[in-house]
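Next come the chains, spelled out residue by residue.
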Amino acid sequence: MIKVNQSFHINNEVELIAIRAQGSGQNVNKVSSAIHLRFDVGESSLPDFYKAQLFKIKDQRISKEGVIIKAQKFRTQEKNRLDAFSRLQELVRDAIAVPKSRRPTRPSNSAKKSAWIVKHSEGVYMIAAE
């Protein structure tokens, strides 16, 4: 079970496939320690808004079929499985995060006045120094 936020979880909608990891070494041809995680976004229990937000992200891991994550950072299959789950959780959380709206601000009158005083007083000192 992957916890997306307080109200949504991803349950049994993830397909895990053990594959051989890339690279060289003695065990690379014998042990399947890497994990392919497949998550079908269209068939998931996520709300439609979350699905749309997830498909809007420009990421090579997201396609029409869903999300595919390859985890091969660690030597053990269990750690790679946990890494794949955490990367999926982070991807979904980033997709559903609503950015804060910008509040336009203006400098106050006192700030404008103090900036004007500093600007013009520096010019007076420059003229007196010559």
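Notes on the structure follow. (Residues numbered from 1 in each chain as written. Predicted model: local features only at pLDDT ≥ 70, side-chain atom pairs only at ≥ 80, totals over all residues. Heavy atoms only, no water.)

## Brief notes about the overall build of the protein chain
Our working definition: Secondary structure elements follow DSSP: runs of H or I no shorter than four residues count as helices, runs of E no shorter than two count as strands, and numbering proceeds from the N terminus. Burial status follows relative accessibility: with a 1.4 Å probe on protein chains alone, a residue under 20% of its type maximum counts as buried, one over 50% as exposed, and anything between as partly exposed. Contacts between residues were defined by any pair of non-hydrogen atoms, one from each residue, lying within 4.5 Å. Using a 1.4 Å probe, the Shrake-Rupley method yields the accessible areas, and only the shown protein chains count as cover for residues.
Regarding its fold elements, the protein chain presents 3 helices and 5 strands. Classification of the 130 residues of the protein chain by burial places 25% in the buried group. Partitioning the contacts of the protein chain with sequence separation of at least 6, the portion at a separation of at least 24 is 54%. A total accessible area of about 10,100 Å² is found for the protein chain, and carbon and sulfur atoms account for 52% of it.

## Comments concerning the pattern of salt bridges
Note the cut-off: Salt bridge, as used here: a side-chain nitrogen of Lys or Arg that lies within 4 Å of a carboxyl oxygen of Asp or Glu.
Evaluation of the coordinates by the stated rule reveals 2 salt bridges. Measuring nitrogen to oxygen at the nearest pair gives 2.6 Å for the salt bridge that ties R81 to E78. In this pair, R81 and E78 are both assigned in helix α2 (residues 77-96), 3 residues apart and thus about one turn of the helix distant. Look at R81 and you get partly exposed, because its relative accessible area is 26%. For E78, a relative accessible area of 43% puts it in the partly exposed group. We note a salt bridge from D83 to R87, for which the minimum N-O separation is 3.3 Å. Taken together, the residues D83 and R87, both in helix α2 and 4 residues apart, mark about one turn of the helix. Residue D83 is classed as buried on the basis of its relative accessible area, which comes to 10%. The exposure class of R87 is partly exposed, given its relative accessible area of 24%.

## Focus: the pairing of strand β5 (residues 67-71)
Put simply, the rule is: Here, a strand pair is defined by DSSP locating no fewer than two bridges between the strands.
Because side chains alternate across β5, one face comprises the buried residues V67, I69 and A71, and the other comprises I68 and K70, none of which is buried. For strand β4 (residues 34-39) and β5, the ladder comprises 5 bridges, and the chain directions are antiparallel. When the bridges of β5 are listed, H36 appears paired with K70.

## Quick word on the pairing of β4
Where burial is concerned, most of β4 is hidden: 5 out of the 6 residues are buried. Pairing between strand β3 (residues 14-19) and β4: 6 bridges, direction antiparallel. Residue pairing in the sheet places A18 in a bridge with I35 of β4.

## Focus on the sheet that holds β3
What counts is decided by this rule: Structural elements are reduced to axes, namely lines fitted to C-alpha atoms, with helices fitted over the stretch in contact, and the angle between N-to-C directions of any two is expressed from 0 to 180 degrees.
Pairing is antiparallel across the open sheet formed by 3 strands, whose spatial order is β3-β4-β5. Edge positions in the sheet fall to β3 and β5, since each has one partner strand and no second. The mean angle between the axes of side-by-side strands here comes to 15°, regardless of whether they run parallel or antiparallel. In the packing of α2 onto the sheet, contacts are made with β3, β4 and β5, and the angle to β5 comes to roughly 145°.

## A closer look at the side chain of N80
Note that N80 resides in helix α2. Residue classification places N80 among the buried residues on the basis of a relative accessible area of 0%. In this structure N80 touches S33, A34, I35, A71, Q72, K73 and F74, once residues within four positions along its chain are discounted.

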